[in-house]
Amino acid sequence: MTERVREILSWYQSDTPGTRANIARLLNHGTLGGTGKLVILPVDQGFEHGPARSFAPNPAGYDPRYHFDLAINAGCNAYAAPLGFLEAGAAEYAGEIPLILKLNNSDSLSGGKDPCPAITGSVDDALRLGCAAIGFTIYPASAARNEMYGQIRALGEEAKRKGLAVVVWSYPRGSGISKEGETAIDVVAYAAQIAAQLGAHVIKVKPPTAHIEQDAARKVYEKQQVPVASLADRVRHVVQSAFNGRRIVIFSGGEAKETSAILDEIRGIRDGGGFGSIIGRNSFQRPREEAVKFLKTVMDIYAAKAK
Amino acid sequence: MTERVREILSWYQSDTPGTRANIARLLNHGTLGGTGKLVILPVDQGFEHGPARSFAPNPAGYDPRYHFDLAINAGCNAYAAPLGFLEAGAAEYAGEIPLILKLNNSDSLSGGKDPCPAITGSVDDALRLGCAAIGFTIYPASAARNEMYGQIRALGEEAKRKGLAVVVWSYPRGSGISKEGETAIDVVAYAAQIAAQLGAHVIKVKPPTAHIEQDAARKVYEKQQVPVASLADRVRHVVQSAFNGRRIVIFSGGEAKETSAILDEIRGIRDGGGFGSIIGRNSFQRPREEAVKFLKTVMDIYAAKAK
Amino acid sequence: MTERVREILSWYQSDTPGTRANIARLLNHGTLGGTGKLVILPVDQGFEHGPARSFAPNPAGYDPRYHFDLAINAGCNAYAAPLGFLEAGAAEYAGEIPLILKLNNSDSLSGGKDPCPAITGSVDDALRLGCAAIGFTIYPASAARNEMYGQIRALGEEAKRKGLAVVVWSYPRGSGISKEGETAIDVVAYAAQIAAQLGAHVIKVKPPTAHIEQDAARKVYEKQQVPVASLADRVRHVVQSAFNGRRIVIFSGGEAKETSAILDEIRGIRDGGGFGSIIGRNSFQRPREEAVKFLKTVMDIYAAKAK
Amino acid sequence: MTERVREILSWYQSDTPGTRANIARLLNHGTLGGTGKLVILPVDQGFEHGPARSFAPNPAGYDPRYHFDLAINAGCNAYAAPLGFLEAGAAEYAGEIPLILKLNNSDSLSGGKDPCPAITGSVDDALRLGCAAIGFTIYPASAARNEMYGQIRALGEEAKRKGLAVVVWSYPRGSGISKEGETAIDVVAYAAQIAAQLGAHVIKVKPPTAHIEQDAARKVYEKQQVPVASLADRVRHVVQSAFNGRRIVIFSGGEAKETSAILDEIRGIRDGGGFGSIIGRNSFQRPREEAVKFLKTVMDIYAAKAK
Amino acid sequence: MTERVREILSWYQSDTPGTRANIARLLNHGTLGGTGKLVILPVDQGFEHGPARSFAPNPAGYDPRYHFDLAINAGCNAYAAPLGFLEAGAAEYAGEIPLILKLNNSDSLSGGKDPCPAITGSVDDALRLGCAAIGFTIYPASAARNEMYGQIRALGEEAKRKGLAVVVWSYPRGSGISKEGETAIDVVAYAAQIAAQLGAHVIKVKPPTAHIEQDAARKVYEKQQVPVASLADRVRHVVQSAFNGRRIVIFSGGEAKETSAILDEIRGIRDGGGFGSIIGRNSFQRPREEAVKFLKTVMDIYAAKAK
């Protein structure tokens with residue numbers, strides 16, 4: 001147990017030893033084990049975007065075992081997926097990598113501007129499948145946000161009592177904000193704060209832009225001269241917004257894009273004190289060997305000293 | 001146990017000894033302990049307004065431990081916050097100050113004129129975290145008010161059975177009234193009455209203005225010549241409206257403003273028989289030392305005889 | 001919060017903040033508050049021995065309010081009693097002293113050499129009455145011990161989940177040992193260990209004698225030269241037997257006896273590192289003024305440095 | 001994941017992925033991780049034999065943290081203990097070693113020839129404390145055996161549903177057999193079979209002697225010429241009796257004895273195909289450095305090829 | 001679905017379709033499928049008599065998979081075993097043969113003349129493992145019979161609600177009768193009646209002798225001239241005693257004996273209208289090929305017309 005992991009665990013003293021042990025499992029597994037940094041493979045796109053959009057670019061990914069194997073071989077800290085994908089491999093890969101069961105998911109077959117995912121798994125499913133954590137998506141700025149907040153409140157309470165960790169995907173989206181606002185620095189920082197206040201142990205947000213969405217916020221950012229020019233600045237502010245860095249905040253990879261652009265982004269996250277990345281499409285849509293190499297490069301960046 | 005505290009406790013004879021003991025804990029802790037007056041530090045603005053708007057003016061406040069420490073060192077009667085903020089310090093500060101778990105919260109990322117907060121904590125969370133009370137916000141005048149009233153009914157019933165006190169933030173807001181009406185004397189008095197009728201032990205309202213919102217009310221105020229000219233008059237009327245002073249009514253500090261203006265307001269509350277203040281932004285957005293000094297001044301005012 | 005109390009709380013890191021706060025309440029109340037020492041008033045003798053045997057020597061004690069008042073005025077850390085006695089005063093004295101609800105009790109109207117108390121209260125009763133802890137008696141060496149161990153297992157799990165502390169009276173008694181063995185050093189140390197292994201936060205045992213009851217134990221005490229000559233030696237060994245001093249161990253006053261003998265015993269307990277006393281008959285069977293004075297003398301001894 | 005661990009996991013295909021992952025955790029942790037062999041540190045003697053008999057030979061062991069530390073530093077696969085001992089360290093050592101919560105325990109303060117332990121922990125306690133498995137002792141040959149079999153049936157079912165592994169200590173003892181019969185080869189083999197039929201994933205028995213206790217069994221052993229001359233022979237037969245080696249069978253170290261005798265025994269267990277040892281008194285009653293060295297020697301023997 | 005199976009199912013019209021479907025599964029599987037006859041392989045001897053006595057004669061039987069394989073290859077209608085044996089193969093052989101989970105079992109390590117098995121499995125275990133039925137042993141004539149009757153009442157109720165069939169092993173044994181009486185015709189007929197009255201769908205008894213145990217019964221058998229001379233006579237009477245043949249009654253093979261003797265017995269059972277056999281030791285203690293051949297011969301007898 002490294003000093004850094006011990007330090008991180010000290011932030012969760014209200015939690016049971018079981019929950020703390022599962023946070024430790026996330027932090028201690030894989031290539032980055034012990035560094036306090038995490039790279040997690042999430043594969044919920046089959047549910048969220050449909051199979052062809054998700055897996056046709058690299059058809060090996062239609063097979064649920066592919067993602068277990070990728071996460072294990074690339075040295076990820078954990079693998080996160082919905083019920084079906086985990087059920088389709090949890091026995092075969094039992095004990096090989098910490099698992100996160102995504103307890104809610106949205107499909108793209110019906111829409112509306114105010115998303116609210118369906119509950120698609122339970123805490124007892126997570127125990128049965130041997131998971132270290134539950135995952136849950138909230139959409140702050142959706143008119144349906146209260147329903148999601150209430151759901152994670154109940155699921156989080158149960159998960160904590162049963163010794164699991166709670167990972168919250170906090171993605172502002174909906175009629176309360178503009179499209180550009182979804183990644184605005186004020187909104188992403190706010191999203192991190194909301195997840196932390198809801199009791200998340202690990203918070204996943206999108207890399208923020210320098211855009212400021214809300215007028216009331218803009219006044220404060222300007223008056224207090226909160227630095228938001230570089231990605232590192234913005235990540236630093238988001239991490240600060242998650243209990244002054246006393247909650248684990250990781251960043252999504254977002255849409256597939258140029259490798260060099262992603263790696264620059266990773267460097268920015270690292271330099272701003274981000275705890276790591278959760279990279280789906282940019283991993284599993286590449287050919288396997290390339291994906292492994294790519295993920296290892298990402299891990300190398302996190303393992304290196306921040307500038 | 002002072003005579004005054006004994007007198008206050010005598011108003012709650014239908015409650016269990018556990019609830020009464022927790023009301024006593026709120027009344028007996030801190031600098032004002034035993035006086036029957038309370039100054040409570042609430043920090044839910046991170047959730048309600050976002051992190052930068054809340055904490056950038058005094059960045060130490062990003063750290064959840066800061067507020068425990070501030071409340072303890074300033075001699076407050078209690079500290080109130082949402083789940084995440086309490087989880088992030090309840091173990092470290094166990095037993096040092098009575099805690100109030102805010103069980104519902106609203107964020108500012110989506111709006112609508114008829115607010116309804118999300119449920120973000122449970123009575124069992126409050127027990128687990130060692131709280132003396134649950135806190136709950138209702139928005140009378142919101143079209144969604146019945147949902148909130150029904151929620152606090154159920155949560156309050158459970159809290160009382162389990163020996164906790166119930167603190168209700170009663171903030172009229174929504175399509176039923178004008179913006180100015182939110183602090184109108186008739187509306188604030190009405191909000192205090194509603195909270196009391198819903199079974200609150202402690203009621204938090206905003207300092208009322210002399211504006212009268214409802215025509216039906218205006219006729220009575222004029223006919224019966226209810227004095228509403230001074231803040232003390234209005235506070236006296238609000239306290240009267242909360243079961244003739246047999247429920248604890250405290251007043252929010254509202255938006256950050258000039259210190260002297262706040263202190264004048266505090267004097268008015270005191271002179272009108274208000275039981276105290278719950279001061280968030282005006283406390284934690286100041287530098288720590290200034291905040292402690294400010295809160296002590298507030299407490300001095302409450303400790304002094306009313307004019 | 002003193003350093004010593006902080007140190008003691010650090011032994012209970014697997015517990016919820018609520019439980020830790022209640023342990024802190026026990027440690028921080030009364031004359032000895034903050035010293036890490038405790039003097040608790042227990043009054044279950046009315047149930048255990050009958051009213052006349054308990055209260056005729058000082059008839060004021062027939063009134064349940066008497067004991068609340070005595071515990072408060074003498075500056076005790078807590079008052080422990082069965083359901084009826086607490087119900088008969090918990091409202092009147094709400095918030096004035098930490099309460100411990102004894103959840104099981106034996107009467108003397110029927111016997112047998114293998115005692116097993118009746119369950120006479122619940123964890124929810126303790127919450128309703130505003131208690132800081134539940135109390136439970138086990139009789140190791142009784143043929144019915146497994147029933148008691150199973151009961152405290154379940155009650156302790158529930159109490160901890162709901163934020164209460166667990167106090168176990170561990171009194172070896174029954175067909176497994178001799179009468180003399182009930183206070184034998186090996187048996188008392190064993191009783192402390194059993195209570196600790198069952199998950200007690202606070203353990204109450206009787207002051208041990210130098211007698212060694214079990215042959216298998218005697219061999220070890222002799223071979224390892226465990227010092228048991230003085231009471232301080234024996235108390236030190238009992239405290240060591242409760243997780244090397246990392247559980248709070250307090251000692252009963254036992255049968256009424258000469259004041260000077262009791263005070264000598266208290267000094268021995270203190271010098272051996274005992275955490276305090278739980279003194280019933282020797283307190284409430286004296287006239288009130290004498291009892292208060294006596295308890296204050298006991299507290300003075302605990303407050304003084306150990307030799 | 002080694003081939004051998006994969007093979008072992010293949011025996012548990014009726015179990016949930018959660019249970020299989022926890023079996024994998026036991027097999028993959030520590031010095032022997034991946035070999036399919038286990039050395040587990042069990043410390044329930046404080047409860048079973050009393051504190052002085054257990055810890056006076058090496059007083060550091062009075063402290064619950066000592067055993068976590070010993071198990072971790074010696075490279076054991078897991079640490080097993082009753083509720084109190086785990087609660088007193090599970091937070092501090094969260095995530096550092098797989099834990100096994102012993103759910104039943106017997107003390108030595110009362111006897112009778114037909115032992116039946118008390119239930120002292122729950123499956124939910126195991127989850128809360130972050131355990132990989134529950135542990136449970138049965139005493140075949142006790143007149144109270146049915147009570148124990150019924151208890152582990154229920155606890156095992158719950159543990160499996162919640163993703164935990166089940167470790168059964170199967171120690172024949174009681175009025176059904178002689179003292180010598182407790183370690184008789186027929187009885188130990190039978191005890192292993194019973195535990196396996198009750199659904200145990202891991203079975204702990206005592207090293208068997210060549211004595212045959214039951215007449216009906218003797219006839220078969222003689223007729224079928226089952227080899228029982230050497231310890232390796234007997235271990236082979238016990239392992240065969242646990243579903244032809246398709247259940248993990250480990251052997252207790254028993255009473256403290258000469259190191260060379262123990263190591264010879266370990267070699268016999270290894271040569272007979274035993275899966276490992278669970279060594280309590282022979283570990284923690286030695287000085288720490290010696291204990292670590294001793295355990296490492298044991299592990300070296302298991303890591304070496306069987307003769 | 002043959003007419004005969006339809007006829008048999010018509011006897012169970014109070015049962016749910018699920019239970020009826022499972023009775024049909026038992027009747028329609030294997031070589032005798034559709035004939036209304038059954039040959040079931042039961043293997044609980046590992047638990048009941050110990051591993052060596054059960055499996056040393058044919059060591060392949062130590063492996064739980066052996067019995068699944070034997071039952072399937074011999075064309076049995078079902079395979080019955082305790083929890084551990086089914087867990088160790090139910091996944092590998094899922095869907096290949098109807099399973100019966102024996103919910104109670106006795107070991108031979110302690111005795112007493114009034115046997116009462118331990119509960120070793122649950123109805124939910126049976127569902128989880130994909131069983132068609134639960135199995136349960138009662139010992140009429142044991143002083144503990146009421147405990148067993150009460151257990152099967154509750155388990156049977158649950159099994160029926162959940163759509164399983166109930167198979168009762170009804171073996172008179174205990175202080176109420178002589179050793180010879182265990183297979184007396186009056187006693188076996190009585191045992192069949194008790195099982196039927198307890199709600200069994202399938203009843204297993206031992207082949208009865210011509211001995212009459214009870215005086216009160218003898219008078220009636222003599223007066224009414226109930227034929228009991230031949231095995232066929234006696235079987236006819238036992239089947240009649242099980243609701244005039246409207247419950248499925250099958251007969252155990254008993255101790256290993258000469259093949260020709262067994263086959264004669266089978267013919268007697270067939271000629272008396274018995275529904276089949278449940279043959280354990282006489283099957284699995286033979287070498288595999290011989291066992292398969294033997295079982296096929298048994299099935300041929302049942303398939304042939306009765307004389």
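Only a predicted model underlies this, so the values are computations on that prediction, with no experimental measurement involved.

Trainee: Outline the overall build of chain A, listing residues and values.
Mentor: For chain A, the helix and strand inventory stands at 14 helices and ten strands. The C-alpha radius of gyration computed for chain A amounts to 18 Å, which stays within 12% of the reference 19 Å derived for 307 residues, consistent with globular compactness. Looking at chain A as a whole, 64% of its 307 residues are labelled buried. Excluding contacts between residues fewer than 6 apart, the proportion of contacts in chain A whose partners are at least 24 apart in sequence is 73%. Side chains of chain A give 36 positive and 32 negative charges; the mean places of these two sets differ by 5 Å.

Trainee: Quick one: what's the story with helix H14 (residues 288-303) of chain E, residue by residue and with numbers?
Mentor: An ideal rise of 1.5 Å per residue puts 22 Å on 16 residues; H14 of chain E measures up with 22 Å between its terminal C-alpha atoms. Along its buried surface, H14 of chain E packs onto strand E1 (38-42), helix H5 (64-74), helix H12 (259-271), strand E10 (276-278) and helix H13 (281-284) of chain E.

Trainee: Which residues make up the relation of the copies chain B and chain A, and what are the values?
Mentor: Of the transformation superimposing chain B on chain A, the axial component is 1.1 Å and the angular component is 72 degrees, with the fit at an RMSD of 0.1 Å. Each copy turns onto its partner about a five-fold axis. Relative to the rotation axis, the closest C-alpha in chain B is found at glutamate 147 of chain B, a distance of 11 Å.

Trainee: Lay out the packing of aromatic side chains with the relevant residues and their values.
Mentor: Tallying each qualifying case throughout the model produces 38 aromatic pairs over all chains. Look at tyrosine 149 of chain C and phenylalanine 47 of chain D: their rings are 5.9 Å apart centre to centre, the planes differ by 85 degrees, and that puts the pair in the edge-to-face class. Taken together, the residues tyrosine 149 of chain C in helix H8 (residues 145-161) and phenylalanine 47 of chain D in helix H3 (residues 45-49) connect one chain to another. Per residue, the accessibility class of tyrosine 149 of chain C equals that of phenylalanine 47 of chain D, and both read buried. On the numbers, 5.6 Å between centres and 50 degrees between planes, the contact of phenylalanine 55 of chain E with phenylalanine 284 of chain E is tilted. In this pair, phenylalanine 55 of chain E sits in helix H4 (residues 51-55) while phenylalanine 284 of chain E sits in helix H13, placing the two residues 229 residues apart along the sequence.

Trainee: Would you mind going over the nonpolar core in detail, with residue names and values included?
Mentor: With 552 residues, the main nonpolar core has Tyr79 of chain A, Tyr79 of chain B, Tyr79 of chain C, Tyr79 of chain D together with Tyr79 of chain E as its most contacted residues. In this structure, tyrosine 79 of chain C is in contact with Leu41, Val43, His67, Phe68, Ala71, Phe85, Leu86, Ile97, Pro98, Leu99 and Ile100 of chain C, ignoring residues within four places of it in sequence.

Trainee: Provide a residue-level description of the sheet that holds strand E6 (residues 133-138) of chain C, including the pertinent values.
Mentor: Strand order in this closed barrel of eight strands is E1-E2-E3-E6-E7-E8-E9-E10 (chain C), and the pairing throughout is parallel. Averaged over neighbouring strand pairs, the angle between their axes works out to 25 degrees when direction is ignored.

Trainee: So, the arrangement of the chains: which residues are in play, and what are the values?
Mentor: Nothing in chain B touches chain D, and the closest approach of their C-alpha atoms is 12 Å. Over all C-alpha pairs, chain C and chain E never come within contact, reaching a minimum spacing of 19 Å.

Trainee: Give a detailed account of the packing of helix H5 (residues 64-74) of chain A against helix H14 (residues 288-303) of chain A, specifying residues and quantitative values.
Mentor: All names here are of chain A. For the pair H5 and H14, interaxial distance at closest approach is 9 Å and the crossing angle is 40 degrees. Judged on the interaxial angle alone, H14 and H5 are oblique. Viewed along their axes, H5 and H14 form a crossing whose handedness is right-handed. Counting all contacts with H5, which are made through Tyr66, Asp69, Leu70, Asn73 and Ala74, the residues of H14 involved are Arg288, Ala291, Val292, Leu295, Lys296 and Met299. Residue composition of the contact of H5 with H14, grouped by class: seven nonpolar, one polar and three charged.

Trainee: How would you sum up the interface of chain E and chain D? Please name residues and give values.
Mentor: In this complex, chain E contributes 41 residues to the contact, which on the side of chain D involves 38 residues. Both sides together, the interface formed by chain E and chain D hides about 3200 Å², and carbon and sulfur atoms give 56% of it. Where chain E touches chain D, the interface holds four salt bridges. In this structure, glutamate 92 of chain E engages arginine 246 of chain D in a salt bridge whose closest nitrogen and oxygen atoms are separated by 3.7 Å. Linking chain E with chain D are 17 residue pairs in polar contact (both at pLDDT 80 or more), by the criterion used here. With five residues, the single largest contributor to the side of chain E that touches chain D is helix H6 (residues 83-87) of chain E. A class-by-class count of the residues in the side of chain E that touches chain D yields 22 nonpolar, nine polar and ten charged.

Trainee: If you had to explain the side chain of arginine 286 of chain D to someone new, which residues and values would you point to?
Mentor: Here arginine 286 of chain D shows up in the loop between helix H13 (281-284) and helix H14 (288-303). Polar contacts involving the side chain of arginine 286 of chain D include one to the main-chain carbonyl oxygen of asparagine 282 of chain D, which spans 2.4 Å.

Trainee: Describe the interface of chain B and chain A, with residues and values.
Mentor: In this complex, chain B contributes 41 residues to the contact, which on the side of chain A involves 38 residues. Together chain B and chain A conceal approximately 3200 Å² of surface at their shared face, both sides included; 56% is due to carbon and sulfur atoms. For the pair chain B and chain A, the number of links is four salt bridges. Applying the counting rule to chain B against chain A returns 17 residue pairs in polar contact (both at pLDDT 80 or more). Residues of the side of chain B that touches chain A, tallied by class, amount to 22 nonpolar, nine polar and ten charged.

Trainee: Before we move on, could you go through the sheet that holds strand E6 (residues 133-138) of chain D and cite the residues and values that matter?
Mentor: Residue and element names in this part refer to chain D. Strand order in the closed barrel formed by eight strands is E1-E2-E3-E6-E7-E8-E9-E10, and the pairing between neighbours is parallel. Averaged over all adjacent pairs, the angle separating strand axes in this sheet is 25 degrees, with direction ignored. Relative to E6, strand E3 (residues 99-102) is paired through three bridges, and the arrangement is parallel. Within E6, the position partnered with leucine 101 by the bridge is isoleucine 134.

Trainee: A description of the confidence of the model for chain A should follow, citing residues and the corresponding values.
Mentor: Of all residues in chain A, 99% have pLDDT values of 70 or greater, and the mean over the chain is 96. Scored as a whole, the predicted complex attains pTM 0.96, and scored at its interfaces, ipTM 0.95.

Trainee: Pulling in residues and values, what's your account of the environment of alanine 159 of chain D?
Mentor: Residues and elements named next belong to chain D. For alanine 159, the location among the structural elements is in helix H8 (residues 145-161). Between the C-alpha atoms of alanine 159 and serine 277, which are 118 residues apart in sequence, the distance is 23 Å. In this structure, alanine 159 is in contact with Thr19, Val123, Ile134, Leu164 and Val166, ignoring residues within four places of it in sequence.

Trainee: How would you sum up the environment of serine 122 of chain C? Please name residues and give values.
Mentor: All names here are of chain C. With respect to the helices and strands, serine 122 occurs in the loop between strand E5 (118-119) and helix H7 (123-128). With relative accessibility at 26%, the residue serine 122 sits in the partly exposed group. Once the C-alpha coordinates of serine 122 and lysine 204 are considered, the two residues, 82 residues apart in sequence, prove to be 20 Å apart. Other than its neighbours up to four places away in sequence, serine 122 contacts Leu101 and Leu103. Here aspartate 124 takes part through its backbone nitrogen, which lies 3.4 Å from a polar atom of the side chain of serine 122. Looking at serine 122, its side chain comes within polar contact range of the main-chain nitrogen of aspartate 125, at 2.9 Å.

Conventions and cut-offs
- Residues numbered from 1 in each chain as written.
- Chains lettered and ligands numbered in written order.
- Predicted model: local features only at pLDDT ≥ 70, side-chain atom pairs only at ≥ 80, totals over all residues.
- Heavy atoms only, no water.
- Helix = DSSP H or I, 4+ residues; strand = E, 2+ residues; numbered from the N terminus.
- Rg over C-alpha atoms; globule rule 2.2 N^0.38 Å.
- Buried < 20%, exposed > 50% of the residue type's maximum accessible area, 1.4 Å probe, protein only.
- Contact = heavy atoms within 4.5 Å.
- Lys, Arg positive; Asp, Glu negative; His and termini not counted.
- Charge placed at Lys NZ, Arg CZ, Asp CG, Glu CD.
- Expected span 1.5 Å × (residues − 1).
- Least-squares fit on C-alpha atoms with pLDDT ≥ 70 in both.
- Phe/Tyr/Trp six-rings, centres within 6.5 Å; stacked < 30°, edge-to-face > 60°.
- Core = buried A, V, L, I, M, F, W, Y, C linked by side-chain atoms within 4.5 Å.
- Pairing = 2+ DSSP bridges.
- Axes fitted to C-alpha atoms, helices over the stretch in contact; angles between N-to-C directions.
- Parallel < 35°, antiparallel > 145°, perpendicular 65-115°, else oblique.
- Left-handed = near helix turned anticlockwise from the far one by under 90°.
- Nonpolar A, V, L, I, M, F, W, Y, C, P; charged D, E, K, R; others polar.
- Buried area = accessible area lost by both parts, 1.4 Å probe.
- Salt bridge = Lys/Arg side-chain N within 4 Å of Asp/Glu carboxyl O.
- Polar contact = N/O pair within 3.5 Å; in protein donor to acceptor, adjacent residues only side chain to side chain.
- pLDDT = per-residue confidence, 0-100.

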